[in-house]
Amino acid sequence: DTGVSQNPRHKITKRGQNVTFRCDPISEHNRLYWYRQTLGQGPEFLTYFQNEAQLEKSRLLSDRFSAERPKGSFSTLEIQRTEQGDSAMYLCASSFGPETQYFGPGTRLLVL
Amino acid sequence: AQRVTQPEKLLSVFKGAPVELKCNYSYSGSPELFWYVQYSRQRLQLLLRHISRESIKGFTADLNKGETSFHLKKPFAQEEDSAMYYCALTRGKGSYIPTFGRGTSLIVHP
């Protein structure tokens with residue numbers, strides 16, 4: 001297990017298109033988190049799952065954003081009708097319970 | 001709502017000099033404080049947490065509730081300490097969602 005993985009690593013899309021990102025957590029971790037990081041800022045929490053249940057969502061997560069973790073393993077984050085303001089690095093992290101979160105390399109999204 | 005402030009975007013020092021990266025927070029409860037680090041081309045990772053009261057890679061941080069600060073310190077900086085450092089806070093009492101500061105870029109010159 002090489003840690004948390006995210007795909008794709010980079011995504012360029014046109015405004016109005018839908019995009020989907022995938023996160024594969026460390027295998028024994030039951031918690032999975034999504035963050036967004038814009039230039040010059042720290043990561044901002046979007047949502048988190050415990051197993052397959054989505055337990056908390058940030059107000060940053062507008063109705064264009066949806067996240068799933070159907071079998072309690074990998075997770076997907078979909079952004080519908082992308083806007084230029086969605087351009088950011090999207091980070092995934094996983095943990096076993098309340099223990100240390102381990103971050104993935106991120107997916108960098110550019111919306112033209 | 002909680003807030004984490006890192007007043008310096010950039011801190012530049014010479015090797016062997018002391019380092020202090022500042023972090024101030026606002027939260028009315030009893031938070032847990034963390035420092036995360038991101039080295040060039042690497043992932044964000046936890047450096048230390050205040051409840052552990054440990055020293056990692058020569059870095060220490062003390063929670064000062066009176067001044068609502070959690071500054072990161074190292075007496076003698078090394079070139080390999082050059083990285084982006086983020087201070088973060090959770091609400092404690094089982095809350096696992098960190099609020100991050102904007103980060104401080106530390107550059108250690110030879």
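In the block above lies the structure referred to throughout.
Attention here is on the structure that accompanies the text. What you see is a predicted model, and the numbers here were worked out from it, not measured in a lab.

Here the focus is the overall build of chain A. Helix and strand content of chain A: 0 helices and 11 strands. Counting from the amino terminus, chain A carries its helices and strands in the arrangement β-β-β-β-β-β-β-β-β-β-β. Computed over C-alpha atoms, the radius of gyration of chain A comes to 13 Å, within 12% of the 13 Å expected from 2.2 N^0.38 for 112 residues, which places it in the range of a compact globule. Its C-alpha atoms put chain A at 35 × 25 × 25 Å along the principal axes. Going through the 112 residues of chain A one by one, you find that 48% of them count as buried. Partitioning the intrachain contacts of chain A with sequence separation of at least 6 by distance along the chain shows that 53% fall at a separation of at least 24. A total of about 5,800 Å² of accessible surface is found on chain A, and carbon and sulfur atoms cover 46% of it. Both charge centroids of chain A, one from 14 positive and one from 12 negative side chains, sit 7 Å from each other.

Looking now at the sheet that holds strand β8 (residues 72-74) of chain B. Residues and elements named next belong to chain B. One open sheet accounts for 3 strands, arranged β3-β8-β7; its pairing is antiparallel. The strands lining the two open edges of the sheet, one partner per strand, are β3 (19-21) and β7 (60-61). Relative to β8, β7 runs antiparallel, the two sharing 2 bridges. Bridged to Ala 61 within β8 is Leu 72.

All names here are of chain A. On the secondary structure map, Arg 64 appears in the loop between β6 (53-57) and β7 (65-68). For Arg 64, a relative accessible area of 9% puts it in the buried group. A distance of 2.8 Å separates polar atoms of two side chains, one belonging to Arg 64 and the other to Asp 86. Those residues in contact with Arg 64, other than ones at most four positions away along the chain, are Glu 78, Ile 79, Gln 80, Arg 81, Thr 82, Glu 83 and Asp 86.

Looking now at the interface of chain A and chain B. Counting residues at the interface gives 20 residues for chain A and 13 residues for chain B. Of the roughly 1,400 Å² buried between chain A and chain B, counting both surfaces, carbon and sulfur atoms make up 56%. Sorting the residues of chain A by area buried against chain B places Pro 43, Thr 100 and Phe 103 of chain A first, and these three jointly supply 31% of that buried surface. Taken together, chain A and chain B are joined by 0 salt bridges. Seen at the junction of chain A and chain B, the total is 4 residue pairs in polar contact (both at pLDDT 80 or more). Those elements that place two or more of their residues in the side of chain A that touches chain B are β4 (31-37) and β5 (44-50) of chain A. Considered class by class, the residues forming the side of chain A that touches chain B number 9 nonpolar, 9 polar and 2 charged.

Of note, the amide linkage connecting Asn 7 of chain A to Pro 8 of chain A takes the cis form, showing an omega dihedral of -10°. Non-glycine residue Thr 68 of chain B carries a positive phi angle of around 45°. Looking at where Thr 68 of chain B falls in the secondary structure, it is placed in the loop between β7 and β8. Relative accessible area serves as the criterion here: at 28%, Thr 68 of chain B is assigned to the partly exposed category.

Right, let's talk about the pairing of strand β11 (residues 107-111) of chain A for a bit. Residue and element names in this part refer to chain A. Side-chain alternation along β11 places Thr 107, Leu 109 and Val 111 on a buried face and Arg 108 and Leu 110 on a face that remains uncovered. Note that strand β2 (residues 10-13) and β11 share 4 bridges and pair parallel. Within β11, the residue paired with His 10 across the bridge is Arg 108. Bridge count between strand β9 (residues 88-95) and β11: 3 bridges; the pairing is antiparallel. Bridge pairing links Tyr 90 to Thr 107 in β11.

Reading the values: rules and limits
Residues numbered from 1 in each chain as written. Chains lettered and ligands numbered in written order. Predicted model: local features only at pLDDT ≥ 70, side-chain atom pairs only at ≥ 80, totals over all residues. Heavy atoms only, no water. Helix = DSSP H or I, 4+ residues; strand = E, 2+ residues; numbered from the N terminus. Rg over C-alpha atoms; globule rule 2.2 N^0.38 Å. Buried < 20%, exposed > 50% of the residue type's maximum accessible area, 1.4 Å probe, protein only. Contact = heavy atoms within 4.5 Å. Areas by Shrake-Rupley, 256 points an atom, 1.4 Å probe, with all protein chains shown as cover. Lys, Arg positive; Asp, Glu negative; His and termini not counted. Charge placed at Lys NZ, Arg CZ, Asp CG, Glu CD. Pairing = 2+ DSSP bridges. Polar contact = N/O pair within 3.5 Å; in protein donor to acceptor, adjacent residues only side chain to side chain. Buried area = accessible area lost by both parts, 1.4 Å probe. Salt bridge = Lys/Arg side-chain N within 4 Å of Asp/Glu carboxyl O. Nonpolar A, V, L, I, M, F, W, Y, C, P; charged D, E, K, R; others polar.

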